[in-house]
Amino acid sequence: MFGDLFNEEGAASNIELSVSFLPPCPPSPRLECGLAGIDNQGATCYLNSLLQTLLLTPEFREKLFTLSETDLGCLEDKGKPDAKVRVIPLELQRLFAQLLLSNQQSVSTADLTNSFGWTNQEAFQQHDVQELNRILFNAIEESLVGTSGQNIINELYHGTIVNQIICLKCKKISEREEDFQDLTLAVAGMSGLENVLKQCYCHVENMNGRNQYKCETCKTYTDATKGAKLRNLPPILSLSLLRFSYDFVKMSRYKENGRFTFPMEIDMSPYSEKGECQPEDMIYELFSVVVHRGSAFGGHYFAYIRDIDNLGCWAAPVEKTQPKVNPSSTGLDIIECQSPVDLIENILGDVEHQTMSIDRLCAEISKVTGVSWNKRFRKTHGPLNKFLRGCKNFDYNADTNWVSLHTESNGKETKNPDEKLNAYDSEKSGNEVEEKTSEESVQLGQHWFCFNDSHVAPIHSSDIEKQFSGKESAYMLFYRRKTLVRPILAHAASSYKIPEKLIKEVDTLNLALENQRLEYDLMINKITVKIGWSEHFVYKSLLHMKPDIHEDVAFFTIEIDKRKTFKDLETAVFDEMPREKADNLKFHFMKALAGGYHLYEEITDEEKVLKNLGFSSTTLLFAWDGIQVNGSEVSCGESKEPLQLSLKDSDSFLLTTLLVNKDMTLTELHDAVTEAIGQGPKELHIASHENGHKFTTLLNTPEVTLAEAGLKDADVIFVETTNFQNSNANKLPSLSSTNGVSNGDQEPQWSITLQNRLAGNDGPHTCMTLQVLAYPSETLAHLKLRVLGLLSVEDVSLETVRLREDHRSHGLQPPLREGLSLMDAGLSNGSCLVLELGRPPQDSEMTLSVNKVLSGKLVSKREFLVDRQLTVLGMLQAACKLMDCDGSQWFLSKTDVYGDPADPLEDGSATLMDLLVNDGDTLILQQGALIKKDQVYLNVWLVSRSENQGALNGQADEEEDADRQEEADRVMLDLASKLSMADHVPTKDLNPLNESLHPKLEQLFDNSWVVQKAMGIEDLKQALMSTERFQSLMIPTSGFMRLRMLEAGKLKTVLRNNSQALRHANSKDTVNLAVEILKHEESLSVHEVLLQVAQKIGGTRIYLPPRTFVWHTSAGVGAVDLKRAVCQRLDLPTHDVSLAKYCPDTCTWTVIRDQPQKVNRNKGRKKGTGHKTNIRQAPYYVQDGDLIGLKVFENRLHQ
C-alpha cells in the first residue's frame, strides 16, 4: 500500500521494511507558567473559558472542595442501583484537582461532559458562553440539593434587582424584586460599563401623559417614575455584554464590534440602594474577562484571568516588536503599514507643514493603500475622526476638520519624519520599560494570564484594553468584591483545601504520566538497524545476496537507542558475530537500489551520536573488510552510485534498460548503448523523469560524466540510429504488426506504469517499475509478453503470471482477463499495472474476495478465482474448506457500499451470476443459521407471578371489600417489618409495585427460535405447546396462555389470536416474548386493553399489589369511561375516585382526566362541560401493561 514511500528517489527495494507504529504521545508536562489548560473536544472553547474562571475563583473552588463523600457519594458506586452519586460535582472536583496538581499541559473534560449527558456531536457544536453559565450553575445547584453545599451558587453569584414605581402624588412606592445570576448589559451605542449601569440603574422613566400609572392608593391614573436599583450584590458579580444583535433590515445577525470600555476597579454604590451594604463592600475588582473572537455566526472563546492566589509563575511575556515603517529608510511600501498611526504619520510627514484636511487624508489613505479607512481600520479602530481625536500622536481640530502631527512641548516641531519616528520609538520603548517594571513590581494576586484552551500564557494588564473593541472583544466580565481577603496559607498553595483522596489520585496520575513519558521517550528513540554481512553477498556492479541465502540470514538486526554513539553500536554488532570475524571490520552505509545494493561512505567517527550520523529504522549497514566481497572489488561512494536508465527509440518504445555508474563519461555511455542495442547510436537525448522534456544531445560533450550532465536514476535516454529498425532483430514485434492496426499513428499511445512483483525472482529486475507505451487496442496477453521480454524473466510460464490494475483511488483491483484489450479492460492513459504470480482468469471466470467474520470482527480474508456459473452452495463449500471453518453452520452474504454485511445468499442452488455477484465483489462468510427476510429470531421467557397477583373479574361484593381491607393491613405490616430491617432489605423490595413492574422471568429455551414472520399467534402457541418444556407445564389448552412482548424487562403488548405481531419485526433483531400461564381461559379482542390497577391505601403513599384488569374500550375510550369501568368493578362512586398512569422511567404519576373543550367565541358555547379525550392517544397513550393508580378520597373511606 505504501509503495516506494521509504525508498529515496523512487528506487525499488527487495528489502521488506517494517513500519513500527508508535504509541500515542503522552500529555506534555505543565508549562513554565505553572497553570494547566483544558483540551478542546472540538468546539468546547466556551466551556473551557468558563471552567478556568470557576477554578480561579477561590471562593467557589474551596466551597466545592469542602464537599465530602458523605454529601456527594463516590464515583466508584456510580453503577450501583441503590447508590446516590452526584456525578457533576464529583467530576468538577476531579477536574479542578488535575488542573491544579497534575503535571500535564492540559486536562481533558471528557468525563465532565459525559456527566452532562453530552454526546460526541454536542462537543463539536458551538454554544454561547452566557447561556452555558446559567445552565451550568443550574445543573450544579440541582445536583447539590440536600447537601451542605446546596447554597454555593446562591451565596456567591445570586443578587437581587428591585424595580420601583413611585407615585408622584402620594409618594407610594411599588416594588418587585428579581433574582439574577448575571447582569445582562446592552453594548450598542454605549461607550463603557459605567454608562450602561448608569442608564439601567440611575436613570428613571417618567410615566405621564398617555403612559400614566394607576396608583392603588390614589385610585386613579397619576404621574409616576419608574426605575431599577441593585438591592443585593453577590460576592462575585457576573456581567454579560450583549454584543450579538439582529438587523431587521438585512434579516441577519451581526456582532457589535464598537468600543466598549470597562474599568479594572468599579464602585457599585451609585447603582445600588442606599444602606443595603457597607461602602467598602461596594468596591469590585475585575478578575476575569471572557473574550469572543469572530462574528455572530461562529468564533472562538478564550479568557484573561487574574491569578488571585498566585498559583502560577508569572513572567513578563516576550513581545514581538515591529519597527515602525519608514518608507524613506526601509524601502518598504507604505501599504505594508499594519498600524494606522504609522500610516497617517507617513502620509502627513510627506506634506508641507505636516497638516491636511480630513477629506484629503481619506483620499491619500485610499490612494496609497488601495482601500479606504472604513474597509481596513474602521472595525478595529472606529471612525477616522474619532480615532484622531483619541490618539496623542495627532492634533485634530474638529471645527476646521484638519489634522496635523503633534508638536513637542517646547512648541518646536520635529525636523523631519526620521527624527520624529526615532523620537517616537524612544518614547515608546521608554514607556514599555516603565510598564514592564510596574508589572513586575505589582503586588501579589494581580498577575494576569491568558487561558486559550490547552495553552496558558502570562499577559500584561494593559493587554485587556485591546479587548474593548473589534472582532476580538470582551464578552463576559467577572468582578470580585475587593474586601474578600485571602488567607496567607492559600498563597501559592495549589493543594490548599483539596481532599486527601484527590491529592493521592493525582499523585498516582502524575506517576503514570511520568512512566508514559519515559516509555514514549525510549520508544521514539529506539531504532532497528539492519546489518549485512559480506559472507552472504556477491558483487556484480551491485551487491546481491547469494542465491541460496535468505534475507533473514544475510541481514541481522540490532535494536539500539539513537542517542548512543556508534561505538555502542559496534559493540552490539561484535556481540552478534564470532570474535575471529570481528577484527578489522569496516562499516559502510548501504542503500537498496533497483536490482541490488550500493555502498556509500565509511563510518569512522566512533564517538559520534547515531542520531547525528543520520541513523533511523530504515538505515542499512554493511560489515566487511573494506577491500573485497567474495574476491570481487567493490566500488563505494556517492560518485560510484549506479543509475538505471531506460533506452527508447524515436517512437518512444522501450528498448531495454541500462545500469551504469554516475562517474561514467558520455563516451562510455555511448559504448554501453551500442553494446546493448547492437548498433552505434547517431544521437542521444535525455528526458528527465520529472517533466519529460528533451534536452540537448548528450554527445556534444563526450568527456562529461553522467552526474555532471544531470542524469538521474530512472531517466529516459532517446536513441536515434540510422537504420535501427532493420538491424535490431531482437526487438519485440511492433504493435501494428501484431494487432492488425494499419497505421499506429492514427491511434493514440498510452503510457502504462508497470510494477514487477514476481516473488522468488532474485534477478536484477525484481520490484522494478517500468514505463511502457501501448495502444488502447493492444491485448493484455501481448502486453504481458512484451513486459516479460523487457524484464528478461526466464523459467516463468505464461500461465503462472497475470496482470491486475493498481488503481490510485480504489487500490488493487481483480486480475485482468488477458483476452481483453486495454480499453475493454477499463484501463486508461496513465494506469498502473502489477505483474504477479498467479493463474490469469479466463473469460468465464471471475475473482471474488471472501472475508471471514466472527462476532463482528474480521478474522481472515482470501481471494477466489471461480466460475461464473458456480452455485452459492459450491462457493460456500470452497470457502469453508480453504478458510478453516468448523462443522457448524455458515452462510454467505453480500456487502453494502460501506463493506458491512447486507443481503444473505439464501438460495444455495442459484448461481453467482443469477444473484448479480460480479467480478471483484466481496462476500462475507459468517457463522450461524441463515435468517431469511421473512424469518426472525425469538427468545421465549416464562413469567413467574406472585400469589398476591390477582385479577379484577366479575362484580365486587361485601366479602371482597373485607378482603381488600385485610390485604391493606397485611401490606402495611409487611412494609413495617421490612423497614425495621432496612439495612438488610434492598430499597426496591420496599415498593410493592416493583414486583408487577419487573416480574421474575425464566428463559425457557437455551437457543433462540427461528420462526416465520407471517406465523399467527394461535399457530405460535400450538408450536410452543408441542415442545417438551411446555408439556411439563401441563397447560390444558392454548387459551390458558397469554403471549406478551417483552421490552427492557417490562411486559408490554398482548399478542391477540387474530394478529400477526411479528410481521413488522426486523430480521436482524431478536424478539423477546413472555408467556403468562392463566388460571382461566382468555381470548382478548382488539377492543380490550389489559391493564394493572393498584389501589392506594388511605392516608398513606403505599399501594396495594396491582391486579390485572381488562378494560373494554367498545363502551368508550375516554378517561370517564375507564374510571366508570374500574369503579363499577370495585363498587365505588366515580366522583370519589381519581385515576393516574404510572411512568416507570421517571417514577411519576400522571393524572388521567378528560381535557376541556375549546370553544370558539364567534360560534357561541356548545352544550356540555367538555368532551371525551381518547386516552389511548396523546397525551396519555394508555396501552397494554400500563399501571393505573386508583386513589379514593377521604370522605369515601370514612363512610
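Because the structure is a prediction, the values reported are computed rather than measured. (Residues numbered from 1 in each chain as written. Predicted model: local features only at pLDDT ≥ 70, side-chain atom pairs only at ≥ 80, totals over all residues. Heavy atoms only, no water.)

Draft legend 1. Seen up close, the overall build of the protein. Within the protein, the regular secondary structure consists of 29 helices and 56 strands. Split into buried and exposed, the 1199 residues of the protein put 44% on the buried side. Contacts in the protein between residues at least 24 apart in sequence constitute 70% of all its contacts with a sequence separation of at least 6. Approximately 63800 Å² of the protein is accessible, and the part contributed by carbon and sulfur atoms is 49%. (Helix = DSSP H or I, 4+ residues; strand = E, 2+ residues; numbered from the N terminus. Buried < 20%, exposed > 50% of the residue type's maximum accessible area, 1.4 Å probe, protein only. Contact = heavy atoms within 4.5 Å. Areas by Shrake-Rupley, 256 points an atom, 1.4 Å probe, with all protein chains shown as cover.)

Draft legend 2. Seen up close, the packing of aromatic side chains. For the coordinates displayed, the defined rule picks out 23 aromatic pairs. Both rings, one in Phe60 and one in Tyr157, keep their centres 6.4 Å apart while their planes meet at 70 degrees; by these two values the pair is edge-to-face. Of this pair, Phe60 sits in helix H2 (residues 58-65) while Tyr157 is found in helix H7 (residues 152-157), placing the two residues 97 residues apart along the sequence. Taken individually, Phe60 and Tyr157 each receive the classification buried, so the pair is uniform in this respect. (Phe/Tyr/Trp six-rings, centres within 6.5 Å; stacked < 30°, edge-to-face > 60°.)

Draft legend 3. Layout of the pattern of salt bridges. Counted by the stated rule, this structure contains 39 salt bridges. In this structure, Glu62 and Arg486 form a salt bridge, with 2.2 Å as the shortest nitrogen-oxygen distance. Note that Glu62 is positioned in helix H2 and Arg486 in the loop between strand S21 (472-481) and helix H16 (500-525), a separation of 424 residues in sequence. Note on accessibility: Glu62 and Arg486 belong to one class, buried. One connected set of salt bridges, linked through shared partners, spans Arg61, Glu62, Asp309 and Arg486. (Salt bridge = Lys/Arg side-chain N within 4 Å of Asp/Glu carboxyl O.)

Draft legend 4. Structural view of the sheet that holds strand S3 (residues 159-167). Strands sit in the order S4-S3-S9-S6 across an open sheet of four strands; the sheet is antiparallel. Edge strands, defined here as strands with exactly one partner in the open sheet, are strand S4 (173-180) and strand S6 (205-207). For this sheet, the mean inter-axis angle between neighbouring strands, taken without regard to orientation, is 25 degrees. Examined bridge by bridge, S6 and strand S9 (residues 224-232) share three bridges and lie antiparallel to one another. (Pairing = 2+ DSSP bridges. Axes fitted to C-alpha atoms, helices over the stretch in contact; angles between N-to-C directions.)

Draft legend 5. Spatial organisation of the nonpolar core. Counting residues in each nonpolar core, the largest one holds 57 residues, and the members touching the most others are Leu51, Phe60, Phe96, Leu99, Ile140 and Tyr157. By residue number, the principal contributor to this core is helix H4 (residues 87-101), which donates eight residues. Setting aside chain neighbours within four positions, we find Phe60 in contact with Leu54, Phe96, Ile140, Ile152, Ile153, Leu156 and Tyr157. Counting residues in each nonpolar core, the second largest holds 36 residues, with Phe180, Leu237, Tyr271 and Phe302 among its members. (Core = buried A, V, L, I, M, F, W, Y, C linked by side-chain atoms within 4.5 Å.)

Draft legend 6. Representation of the sheet that holds strand S38 (residues 811-815) within the structure. If you walk across this open sheet you meet the five strands as S36-S35-S39-S37-S38, and the pairing is mixed. With partners counted over all chains shown, the strands left at the sheet margins are strand S36 (769-774) and S38, one partner each. Neighbour to neighbour, the strand axes of the sheet diverge by 35 degrees on average, direction disregarded. Inspection of the sheet shows strand S37 (residues 801-807) paired to S38 by three bridges, in the antiparallel sense. Residue Arg804 lies in a different strand from S38, and its bridge partner there is Pro815. Sheet strands touched by helix H22 (residues 780-791): strand S35 (750-756), S36, S37 and strand S39 (832-837). Its angle to S36, the strand with the most contacts, is close to 135 degrees.

Draft legend 7. The environment of Asn397, seen in detail. Along the chain, Asn397 falls in strand S17 (residues 394-397). The class for Asn397 is partly exposed, based on a relative accessible area of 34%. Asn397 sits 40 residues away from Ser357 along the chain, and the two C-alpha atoms are 9.6 Å apart.

Draft legend 8. Looking closely at the side chain of Ser240. With respect to the helices, strands and loops of the structure, Ser240 is situated in strand S10 (residues 236-242). Overall, Ser240 belongs to the buried group, its relative accessible area being 0%. Within the structure, Ser240 has its side chain in polar contact with the side chain of Asp182 (distance 2.6 Å). Ignoring anything within four residues of it in the chain, the contact list for Ser240 reads Gln130, Arg134, Asp182, Leu183, Thr184, Leu185, Tyr475 and Met476. (Polar contact = N/O pair within 3.5 Å; in protein donor to acceptor, adjacent residues only side chain to side chain.)

Draft legend 9. Region of interest: the pairing of S9. Sheet topology note: the S3/S9 ladder contains eight bridges and is antiparallel. Residue pairing for S9: Thr160 is matched across the bridge by Asn232.

Draft legend 10. Summary view of H4. With 15 residues, H4 ought to run about 21 Å at 1.5 Å a step, and its terminal C-alpha atoms sit 21 Å apart, in line with that. Within the sequence span of H4, burial applies to Ile88, Pro89, Leu90, Glu91, Leu92, Gln93, Leu95, Phe96, Ala97, Gln98, Leu99 and Leu100. (Expected span 1.5 Å × (residues − 1).)

Draft legend 11. Region of the structure containing a nonpolar patch on the surface. Taken together, Tyr246, Phe248 and Met251 make up a surface patch of nonpolar side chains, about 370 Å² in accessible area. Here Met251 lies in the loop between strand S11 (244-247) and strand S12 (252-255). (Patch = residues over 30% accessible without salt bridge, like charges linked within 9 Å, V, L, I, M, F, W, Y side chains within 5 Å.)

Draft legend 12. Looking closely at the packing of helix H10 (residues 340-349) against helix H11 (residues 358-369). Running from N to C, H10 and H11 cross one another at 105 degrees; their axes reach a closest spacing of 11 Å. Classed by the angle they form, the pair H10 and H11 counts as roughly perpendicular. Here Leu343, Ile344 and Ile347 of H10 lie close against H11, whose contacting residues are Leu361, Glu364, Ile365, Val368 and Thr369. Class assignment for the residues of the contact of H10 with H11 results in six nonpolar, one polar and one charged. (Parallel < 35°, antiparallel > 145°, perpendicular 65-115°, else oblique. Nonpolar A, V, L, I, M, F, W, Y, C, P; charged D, E, K, R; others polar.)

Draft legend 13. Broad picture of unusual backbone geometry. Here Ala1178 and Pro1179 are connected by a cis peptide whose omega angle stands at 5 degrees. Structurally, Pro1179 is set in the loop between strand S55 (1148-1151) and strand S56 (1187-1192). Here the phi dihedral of Asp453 falls at roughly 55 degrees; this positive angle occurs in a residue that is not glycine. Looking at where Asp453 falls in the secondary structure, it is placed in the loop between strand S19 (447-452) and strand S20 (455-459). Here the phi dihedral of Asp1131 falls at roughly 60 degrees; this positive angle occurs in a residue that is not glycine. Following the sequence through the fold, Asp1131 ends up in the loop between helix H28 (1119-1130) and strand S54 (1137-1143).

Draft legend 14. Looking closely at the confidence of the model for the protein. When pLDDT is averaged along the protein, the result is 78, and 79% of the positions lie at 70 or above. Segment residues 1-21: pLDDT under 50, and 31 contacts once partners within four positions in sequence are set aside and those in other chains are kept. When the criterion is pLDDT under 50, residues 722-745 qualifies, and its contacts beyond four places in sequence or with other chains add up to 30 contacts. (pLDDT = per-residue confidence, 0-100.)

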